[in-house]
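Results of the structural survey
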Amino acid sequence: WSDIDLITMRQVMHYLESPANTLRQIAKRLSPSTIIYICQIIAPTQGTVTALKKVLEQMDTSRPRIFSFESLYSEIYAAGLSIEKISLTPFSDNFTDWKTRGLSNRKPETSEGILNGTPPARELELHKIGDVEYFRNWFCHALVRLDRCN
């Protein structure tokens, strides 16, 4: 593995039982010059994290965690990695698209019905475009490598 220049982890972290441990195991096999690119959807606020966790409990149990910026950073740091560069790109998401992308085995109309008038709906700061309710999320793009000081 020492001759690998780049490892890409796109939308993987939320499925891992222990993200920090997995990153640590990968990092053990890499040279200090190897870069790990992590692309992960993160929630913009802790309220959004809490709300999405409540929704996911009802929609899909295979996705055990929702990250905030702070929790993703903590996992990276706990693995002995440092962030070289990071960027956040906002986007709007919706539960109908979750069904399309295979994030839920429920019918879209049922998934959206979970939120009607519930506290999670308020925390997600929903906004409508046409007939679809959207909530805000961020794509986090991070370039990380071994932290020689850690």
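Note that this is a predicted model, so its numbers are computed, not measured.

Criteria and thresholds
Residues numbered from 1 in each chain as written. Predicted model: local features only at pLDDT ≥ 70, side-chain atom pairs only at ≥ 80, totals over all residues. Heavy atoms only, no water. Helix = DSSP H or I, 4+ residues; strand = E, 2+ residues; numbered from the N terminus. Buried < 20%, exposed > 50% of the residue type's maximum accessible area, 1.4 Å probe, protein only. Areas by Shrake-Rupley, 256 points an atom, 1.4 Å probe, with all protein chains shown as cover. Pairing = 2+ DSSP bridges. pLDDT = per-residue confidence, 0-100. Contact = heavy atoms within 4.5 Å.

1. Examining the overall build of the protein chain
- Each helix and strand in the protein chain was counted, giving 6 helices and 6 strands.
- Starting at the N terminus and ending at the C terminus, the protein chain contains elements arranged as β-α-β-α-β-α-β-α-α-α-β-β.
- Burial analysis of the protein chain (150 residues in total) assigns 41% to the buried set.
- Carbon and sulfur atoms make up 51% of the accessible area of the protein chain, which amounts to about 8300 Å² in all.

2. Brief notes about the pairing of strand 6 (residues 132-146)
- As defined by bridge partners, strand 2 (residues 35-43) adjoins strand 6 across 7 bridges and the pair is classed as antiparallel. The residue of strand 6 that forms the bridge with Y37 is L143.
- Looking at chain direction, strand 5 (residues 127-129) and strand 6 are connected through 3 bridges and run antiparallel. Bridge pairing in strand 6 links H127 to Y134.
- The hairpin turn running from strand 5 into strand 6, its antiparallel successor, is 2 residues long, and G130 in that turn takes a positive phi close to 65°.

3. What to know about the confidence of the model for the protein chain
- Summary statistics for the protein chain give a mean pLDDT of 79 and a share of 74% for residues scoring 70 or more.
- When mean pLDDT is compared element by element in the protein chain, helix 3 (residues 69-78) scores highest at 94, while helix 5 (residues 108-113) scores lowest at 46.
- Considering only residues more than four positions removed or in separate chains, one finds that residues 105-112, a stretch of pLDDT under 50, has 15 contacts.

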